[in-house]
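# Observations on the model geometry
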Amino acid sequence: FMLTSDGVNAAMTALGKQLPYTIHPGSVSHANLKHNLAIQRHAIKTHRKGFNVTPGRFLSAHQGGKIPDALIHVPHGILALEVELSPKWSAELEQALHGHLNALVHGDWQGVIYLSNSEVLLENYKQRLTFPIPDWWQSTMTDGSTRWMREFNPGLLKDFERLF
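Now for a quick tour of the structure. (Residues numbered from 1 in each chain as written. Predicted model: local features only at pLDDT ≥ 70, side-chain atom pairs only at ≥ 80, totals over all residues. Heavy atoms only, no water.)

### Side note on the overall build of the protein chain
- Looking only at helices and strands, the protein chain features 5 helices and 6 strands.
- Written out in order from the N terminus, the α and β elements of the protein chain read α-α-β-β-β-α-β-α-β-β-α.
- Burial analysis of the protein chain (164 residues in total) assigns 39% to the buried set.
- Long-range contacts, defined here as pairs at least 24 residues apart, represent 58% of the contacts in the protein chain between residues at least 6 apart.
- When the accessible surface of the protein chain is totalled, it reaches about 10000 Å², and 57% of it is carbon and sulfur. (Helix = DSSP H or I, 4+ residues; strand = E, 2+ residues; numbered from the N terminus. Buried < 20%, exposed > 50% of the residue type's maximum accessible area, 1.4 Å probe, protein only. Contact = heavy atoms within 4.5 Å. Areas by Shrake-Rupley, 256 points an atom, 1.4 Å probe, with all protein chains shown as cover.)

Have a look at this one:
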């Protein structure tokens, strides 16, 4: 399942129509809505730039990897997208980062993008990501997100530049 041109067109056609959902208001989590909306906004923005996006809910973890919020399919590989709006406890953050790095090492994707509207959260990630990883490099983008890439795939850098 990916965000495609047909899917965007279908969504635009249905825009403004009331969907037949019956959800109890008490079961709605404001934090989850905010998080999912941020993912969808980035997915739509990314799709408009010509890339396909697979939402995390359609993925499954393998080899001990963590399921990202979304995967962005770019010409030179696959990038994991993580939207962080709330802080993680130290052990939870370490486990998430270990899962990301494990997925990178096993080739599940070729880079990770961390997006957040909180300087504190991004700084916490930067502090945890300061250790060296053989054959990988880290760079912080102008929006504060962090990227990890293998040195031998310079095409990914061009893909990142097109995304932001």
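### A look at the side chain of Glu 84
- Turning to its location among the elements, Glu 84 is positioned in the loop between strand S3 (77–83) and helix H3 (90–105).
- By relative accessible area, Glu 84 is classed as buried at 7%.
- Engagement of the side chain of Glu 84 in a polar contact is seen with the side chain of Lys 88, the distance being 2.8 Å.
- When neighbours within four sequence positions are excluded, Glu 84 is seen to be in contact with Leu 115, Ser 116, Asn 117, Leu 121 and Tyr 125. (Polar contact = N/O pair within 3.5 Å; in protein donor to acceptor, adjacent residues only side chain to side chain.)

### Structural notes on the pattern of salt bridges
- For the structure on display, the rule yields 1 salt bridge.
- Note that Lys 88 is salt-bridged to Glu 84, the shortest N-O span being 2.8 Å. (Salt bridge = Lys/Arg side-chain N within 4 Å of Asp/Glu carboxyl O.)

### Focus on the pairing of strand S4 (residues 111–115)
- The buried fraction of S4 is high, at 5 of 5 residues.
- Covered by surrounding structure in S4 are Gly 111, Ile 113 and Leu 115 together with Val 112 and Tyr 114, the residues of both alternating faces.
- Bridge count between S3 and S4: 5 bridges; the pairing is parallel. Considered in S4, the bridge of Leu 79 is made with Gly 111.
- The parallel pair S3 and S4 is bridged by H3, and the resulting crossover is right-handed. (Pairing = 2+ DSSP bridges. Right-handed = clockwise from strand over helix to strand, strands pointing away.)

### Comments concerning the packing of H3 against helix H4 (residues 119–128)
- Between H3 and H4, the least distance of the axes is 11 Å, while the angle of their chain directions is 65°. At the point where H3 passes H4, the crossing takes the right-handed sense. On H4, the residues that touch Ser 90, Leu 93, Glu 94 and Leu 97 of H3 are Asn 124, Tyr 125 and Arg 128.
- Here the contact of H3 with H4 is built from residues that sort into 3 nonpolar, 2 polar and 2 charged. (Axes fitted to C-alpha atoms, helices over the stretch in contact; angles between N-to-C directions. Left-handed = near helix turned anticlockwise from the far one by under 90°. Nonpolar A, V, L, I, M, F, W, Y, C, P; charged D, E, K, R; others polar.)

### Remarks on the nonpolar core
- The biggest cluster of nonpolar side chains holds 14 residues, and the ones touching the most others in it are Ile 72, Val 74, Leu 79, Leu 81, Ile 113 and Leu 163.
- Secondary structure elements with two or more residues in this core: helix H2 (30–48), strand S2 (70–74), S3, S4 and helix H5 (155–163).
- Those residues in contact with Leu 81 that sit more than four places away from it in its chain are His 42, Pro 68, Asp 69, Ala 70, Ile 72, Ile 113 and Leu 115.
- One finds Leu 71, Ala 80, Trp 109 and Val 112 within the second-largest nonpolar core, a separate group that totals 12 residues. (Core = buried A, V, L, I, M, F, W, Y, C linked by side-chain atoms within 4.5 Å.)

### As for a nonpolar patch on the surface
- Taken together, the side chains of Ile 23, Val 28 and Leu 33 make up a nonpolar region of the molecular surface, amounting to roughly 280 Å² of accessible area.
- Topologically, Leu 33 is positioned in helix H2. (Patch = residues over 30% accessible without salt bridge, like charges linked within 9 Å, V, L, I, M, F, W, Y side chains within 5 Å.)

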